[in-house]
Amino acid sequence: MAISFDGKLVVAISSRALFDLSDSHNVYEEEGLDAFQEYQTAHEDDILKPGDAFPLVTKLLAINQLEQGRDRVEVILLSRNSSDTGLRVFNSIEHYGLPITRAAFAGGQSPHRYVSAFGAHLFLSTSPDDVRQVLDAGFAAANILSGGPLEQQDDLLRIAFDGDAVLFSDESERVFQSAGLEAFAESEKAAAWQPLNDGPFKPFLEALHQIQKTFPVEQCPIRTALVTARSAPAHERVVRTLRAWGIRLDESLFLGGLPKGPFLRAFGADVFFDDQQGHCESAREHVAAGHVPHGIANAPPADP
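Residues numbered from 1 in each chain as written. Predicted model: local features only at pLDDT ≥ 70, side-chain atom pairs only at ≥ 80, totals over all residues. Heavy atoms only, no water.

**Considerations on the overall build of the protein**
Consideration 1: Summing up its helical and strand segments, the protein has 13 helices and twelve strands in all.
Consideration 2: Against the compact-globule benchmark of 19 Å for 304 residues, the protein has a radius of gyration of 20 Å, which places it among compact chains.
Consideration 3: Along the longest, intermediate and shortest principal axes, the C-alpha atoms of the protein span 60 × 55 × 40 Å.
Consideration 4: For the protein, the residues scored as buried account for 47% of the 304 residues in total.
Consideration 5: Looking at the protein alone, contacts between residues at least 24 apart form 75% of all its contacts between residues at least 6 apart.
Consideration 6: In the structure as shown, the protein presents an accessible area of about 14200 Å², 49% of it carried by carbon and sulfur atoms.
Consideration 7: If you average the places of the 25 positive and of the 43 negative side-chain charges in the protein, the two averages end up 8 Å apart. (Helix = DSSP H or I, 4+ residues; strand = E, 2+ residues; numbered from the N terminus. Rg over C-alpha atoms; globule rule 2.2 N^0.38 Å. Buried < 20%, exposed > 50% of the residue type's maximum accessible area, 1.4 Å probe, protein only. Contact = heavy atoms within 4.5 Å. Areas by Shrake-Rupley, 256 points an atom, 1.4 Å probe, with all protein chains shown as cover. Lys, Arg positive; Asp, Glu negative; His and termini not counted. Charge placed at Lys NZ, Arg CZ, Asp CG, Glu CD.)

**Here's the deal with the sheet that holds strand 4 (residues 73-79)**
Each strand in a sheet pairs with its neighbour through backbone hydrogen bonds, running either in the same direction (parallel) or in the opposite one (antiparallel).
Consideration 1: Across the sheet, ten strands lie side by side as 5-4-1-6-7-12-11-8-9-10; this open sheet has mixed pairing. Looking at which strands have only one partner, the edges of the open sheet turn out to be strand 5 (103-105) and strand 10 (251-254). Across the sheet, the axes of successive neighbouring strands diverge by a mean angle of 25 degrees, strand direction being ignored.
Consideration 2: Of the pairings in the sheet, the one linking strand 4 to strand 5 comprises three bridges and is parallel in character. (Pairing = 2+ DSSP bridges. Axes fitted to C-alpha atoms, helices over the stretch in contact; angles between N-to-C directions.)

**Structural notes on unusual backbone geometry**
Consideration 1: The omega torsion across A232 and P233 is 5 degrees, close enough to zero to call that bond cis.
Consideration 2: The phi dihedral of D71 is positive, around 60 degrees, even though this residue is not glycine.
Consideration 3: As for its position among the elements, D71 is in the loop between helix 4 (54-62) and strand 4.
Consideration 4: Positive phi, close to 75 degrees, is recorded for A165, a residue that is not glycine.
Consideration 5: Secondary-structure assignment places A165 in the loop between strand 8 (157-161) and helix 8 (171-179).

**A word on the nonpolar core**
Across soluble globular proteins, nonpolar side chains have a tendency to be buried as a group.
Consideration 1: By size, the foremost hydrophobic cluster in this structure holds 65 residues, and its most contacted members are L18, L124, F161, F201, F204 and F273.
Consideration 2: Two domains each provide a minimum of three residues to this core, namely domain 1 (9-145) and domain 2 (157-293).
Consideration 3: Ranked by size, the runner-up nonpolar core spans 13 residues in total, among them L145, A160, V227 and V287. (Core = buried A, V, L, I, M, F, W, Y, C linked by side-chain atoms within 4.5 Å. Domains from an automatic or database assignment.)

**Examining the packing of aromatic side chains**
Consideration 1: Tallied over the full model, the rule gives twelve aromatic pairs.
Consideration 2: Note on F201 and F204: the rings are 6.2 Å apart at their centroids and 80 degrees apart in plane angle, and the pair reads as edge-to-face. Neither F201 nor F204 differs from the other in exposure class; each is buried.
Consideration 3: Here the aromatic cluster, defined as three or more aromatic residues joined through ring pairs, consists of F161, F201, F204 and F273.
Consideration 4: Across from the ring centre of W193, 3.6 Å away, lies the NZ or CZ of R240, which sits over that ring. (Phe/Tyr/Trp six-rings, centres within 6.5 Å; stacked < 30°, edge-to-face > 60°. Lys NZ or Arg CZ within 6 Å of the ring centre and 35° of its normal.)

**Comments concerning the packing of helix 2 (residues 22-31) against helix 3 (residues 33-42)**
Consideration 1: Direction vectors running N to C along helix 2 and helix 3 enclose 155 degrees, while the axes themselves pass 7 Å from each other. One finds that helix 2 runs roughly antiparallel with respect to helix 3. Note on packing geometry: the crossing formed by helix 2 with helix 3 is right-handed. The residues of helix 3 that touch helix 2, namely those facing D23, S24, V27, Y28 and E31, are L33, A35, F36, Y39 and Q40. (Parallel < 35°, antiparallel > 145°, perpendicular 65-115°, else oblique. Left-handed = near helix turned anticlockwise from the far one by under 90°.)

**A closer look at the domain arrangement of the protein**
Consideration 1: For the protein, the assigned domains are domain 1 (9-145) and domain 2 (157-293).
Consideration 2: In this structure, domain 1 and domain 2 have C-alpha centres spaced 26 Å apart.
Consideration 3: Facing 25 residues of domain 1, the contacting portion of domain 2 comprises 30 residues.
Consideration 4: For the pair domain 1 and domain 2, the summed buried area comes to about 2100 Å², and 74% of that belongs to carbon and sulfur atoms.
Consideration 5: Taken together, domain 1 and domain 2 are joined by one salt bridge.
Consideration 6: Ionic pairing is found between K59 and D270, a salt bridge with its closest N-O pair at 3.1 Å. (Buried area = accessible area lost by both parts, 1.4 Å probe. Salt bridge = Lys/Arg side-chain N within 4 Å of Asp/Glu carboxyl O.)

**A few points about the pairing of strand 6 (residues 122-125)**
Consideration 1: Along strand 6, one buried face is formed by L122 and L124 and the opposite face, lined by F123 and S125, is buried too.
Consideration 2: Pairing of strand 1 (residues 9-14) with strand 6 involves three bridges; the strand directions are parallel. Following the sheet pairing, A12 is matched in strand 6 by F123.
Consideration 3: Alignment of strand 6 against strand 7 (residues 140-145), held across four bridges, turns out to be parallel. By the bridge assignment, S125 is partnered in strand 7 with N143.

**Some points on the pattern of salt bridges**
Between side chains of opposite charge, pairing is possible as soon as their charged atoms come close.
Consideration 1: Summed over all chains, the structure comprises 21 salt bridges.
Consideration 2: Residue R223 is joined to D250 by a salt bridge in which the shortest nitrogen-to-oxygen separation is 3.9 Å. With R223 in strand 9 (residues 222-228) and D250 in the loop between helix 11 (235-245) and strand 10, this residue pair connects regions lying 27 residues apart in the sequence.
Consideration 3: The partly exposed category is assigned to R223, whose relative accessible area is 30%.
Consideration 4: A salt bridge links D274 to K260; its shortest N-O distance comes to 2.7 Å.

Okay, here's the thing in structure tokens:
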């Protein structure tokens, strides 16, 4: 009987997002592929330190240990390593007791093409190019930025999202970029009853929500938040869009341009996804941040 991931939340992650591979990456950058392969083989019994996405992955996988969440989460390793040089990574996975058993080692090439093959709802990486290719293929992806994530307060998984160009399309952001804040506010007020189009992270949020629905609210191991620069009256369209999708967000913060970092820290986010590099740079001082290079804010500059 064929194995199926139907009904599961599937997250694909690169080895450098899961573990700190800065030592071997420096060897690769400075000495080339052959030296990198020799280094990894020589150090394959050296356990890697956790990477920036490690706390998020451990909380995701812990959901499988709960009665209502049993076998609801699958984490898959996607790596540019070969299976030979990737042995160090799997030795570290075993050391930390992570139930990660499936992987694709792409032998020096981008593993992005396996995101669709595995049916992953999310791809986390430290390679901006790989992330862009996954986003271009229509899947959620983020570049995990090194920073100062919070110490884990408890086992509750807290995920925060920006709105435009992440959960929603960038249609409203395009109005803001081209015509300014006043035109944006007027446009959103006029379209308050018209749901926003889907952004790349909607399927990931839907998969999270399906897991949330299996738990009583007070016992749910996942908590989600929208953290957006929007404010009234532009908030109404967001509320009605989520209502039309049938998705519940536990918290919604409409900050009207205030810095997001302190609010993300107060929420206790394990990760925050935003399309704007500047917001991610600010957030990473407080929590782990995932840059989503999607939409008009990440478009290449026009030729003069």
